[in-house]
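# Architecture and fold: a report
What follows is the residue order along each chain.
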Amino acid sequence: MFLIRNARLFTMDGPGYIEGGDVLLDGGKIAAVGTALSAAGAKEIDARGAYVTPGFVDAHSHIGMWGDGEHSEDGDGNEATDPVTPQLRALDAVNPVDPCFAEACRAGVTSVATGPGSANVLGGQFLAIKTCGASLQERILREPLAMKAAFGENPKAVYGAGGKRPATRMATAAVLREAFYEAREYMRKRANADAEKRPAFSLKNEALAMVLRRELPLKMHAHRADDILTAIRLAKEFDLRASVEHCTEGYMIADELRRAGVGVILGPLLTERGKPELKNLTMRAPAILHRAGVKFALMTDHGVIPEQYLAVQAGLCVREGLPEMEALRAITINAAEVLGLEARVGSLAPGKDADVVLFDGHPLETRTHASLVIVNGEIAYERT
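So, a few notes on the structure that sits alongside this text. Keep in mind it's a predicted model, so treat the numbers as computed, not measured. (Residues numbered from 1 in each chain as written. Predicted model: local features only at pLDDT ≥ 70, side-chain atom pairs only at ≥ 80, totals over all residues. Heavy atoms only, no water.)

As a further point, take unusual backbone geometry. Of the consecutive residues glycine 267 and proline 268, the connecting peptide bond is found in the cis state with omega at 0 degrees. Although it is not a glycine, asparagine 6 adopts a positive phi angle of roughly 65 degrees. Of note, asparagine 6 is situated in strand β1 (residues 2-10). Residue classification places asparagine 6 among the partly exposed positions, given a relative accessible area of 22%. Positive phi is not limited to glycine here, since alanine 36 has a value of about 55 degrees. Relative to the assigned elements, alanine 36 resides in the loop between β3 (29-34) and β4 (43-46). According to the relative accessible area criterion, alanine 36 is exposed, its value standing at 68%. (Helix = DSSP H or I, 4+ residues; strand = E, 2+ residues; numbered from the N terminus. Buried < 20%, exposed > 50% of the residue type's maximum accessible area, 1.4 Å probe, protein only.)

Bringing the nonpolar core into the picture now. Proteins that are soluble and globular tend to have nonpolar side chains buried together. Among the nonpolar cores identified, the biggest contains 87 residues, and Leu122, Phe180, Leu218, Val244, Leu257 and Leu298 are the most heavily contacted of them. Ignoring sequence-local partners within four residues, the contact set of leucine 257 consists of Ile228, Ile232, Val244, Cys247, Gly250, Val262, Val264, Leu289 and Val294. The next biggest cluster of nonpolar side chains, apart from the first, holds 17 residues, and it includes Ile45, Ala47, Val356 and Leu372. (Core = buried A, V, L, I, M, F, W, Y, C linked by side-chain atoms within 4.5 Å. Contact = heavy atoms within 4.5 Å.)

So, on to the pattern of salt bridges. Pairing between side chains of opposite charge can happen when the charged atoms of each approach one another. Applying the stated criterion across every chain, the model contains 24 salt bridges. One salt bridge in this structure joins glutamate 185 and lysine 189, with 3.9 Å as the shortest N-O distance. Here the residue glutamate 185 and the residue lysine 189 both occupy positions in helix α4 (residues 169-190), the gap between them amounting to four residues, near one helical turn. Judged by relative accessible area, glutamate 185 falls into the partly exposed class, the value being 33%. Ionic pairing is found between arginine 319 and glutamate 320, a salt bridge with its closest N-O pair at 3.4 Å. The exposed category is assigned to arginine 319, whose relative accessible area is 63%. (Salt bridge = Lys/Arg side-chain N within 4 Å of Asp/Glu carboxyl O.)

It is the contact of α4 with helix α6 (residues 225-237), at a shortest axis distance of 11 Å, that shows an interaxial angle of 15 degrees. Taken together, the axes of α4 and α6 are roughly parallel relative to one another. Crossing geometry of α4 relative to α6 is assigned as right-handed. Taken together, the residues of α6 that come into contact with α4 (itself represented by Arg169, Ala173, Leu176, Arg177, Tyr181 and Arg184) are Asp226, Asp227, Thr230, Leu234 and Glu237. (Axes fitted to C-alpha atoms, helices over the stretch in contact; angles between N-to-C directions. Parallel < 35°, antiparallel > 145°, perpendicular 65-115°, else oblique. Left-handed = near helix turned anticlockwise from the far one by under 90°.)

Moving on, we get to the pairing of β1. As paired strands, β1 and β4 are joined by four bridges and run parallel to one another. Each bridged residue has a counterpart across the sheet, and for isoleucine 4 the counterpart in β4 is isoleucine 45. Examined bridge by bridge, β1 and strand β2 (residues 17-26) share seven bridges and lie antiparallel to one another. Considered in β2, the bridge of phenylalanine 10 is made with tyrosine 17. In this structure, the hairpin formed by β1 and β2 is closed by a connection of six residues, where methionine 12 is found at a positive phi of approximately 60 degrees. Two elements, β1 and strand β5 (residues 51-54), share two bridges in a ladder whose sense is parallel. Within the sheet, the bridge partner assigned to arginine 8 lies in β5 and is tyrosine 51. (Pairing = 2+ DSSP bridges.)

Quick look at the structure:
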């Protein structure tokens, strides 16, 4: 049991900030948040002068899917042999002892969504995982978390160059549409009371059935405005839970994005314009979206941005006009909500996982360090 006292407390819940706030942790959960708390037998941590936040949440990464410094052929994030592979699971590829997890934890990033890359139109299933813990199974927040889909350049480049589908944006949309119609028909036939008339079991279609039943959201990789609109249109066509991932040109169609009501996971922004569909990349996008009333999370897309620089990216967004509290929300509660994990992580509130970080300065300052990281009520890292 820990009692953190006298903190500059960013709760990200309710008013969002408490000066001289306390947090009581018990049994791996947050037991109480407030001021002048007391608890017999608790180990007290005097956080006077320190900033305290919930553990940061990265809503989109590929951590553990490629080792740090590995080339694409050495990683396990893209099965580039078939544009439709929804049956693949990140759980079967993620390396839990990748040292990047420890680096993330030391920076206060305690929860991450990770999964397949964007080579395929339908690439497979993401999972959500804590960045530290005794075993892989204990670290899992949710598995499967979401289904990955991709629009734009990547599927075209992987398959079109070899004379296969998709070679155009039209074909990418058609491939995805065909896959969902096939899965819908499969579901209808599998429901037949006569076992002899049911189609053979299909792992592909069973995976897509979870999306069609709205059990899994569709994480839709889309940079350009036209790809974002296509992704939104297809999500609406099949009545899917969905989020737009990257959303680089989303600020150019902010009103349409707000009306669509999909989740938005923005980034990576701290990167070069390494391909044509990033030509309109700007660090001002978060401020523009915020002014337009679009709620969003920020991502690293690790290893595009190393996981430990999630807060650095958020701080640069503040420099470009995003309010400070909104930048913090984008890497805490907003990220948790878009992933459907807000009941466990993303804010300091009773009943949530005891993932708490003490910082020796403001958490969005580049010179700040995480001095103490607590995950599931246990000290995961202490800076000495």
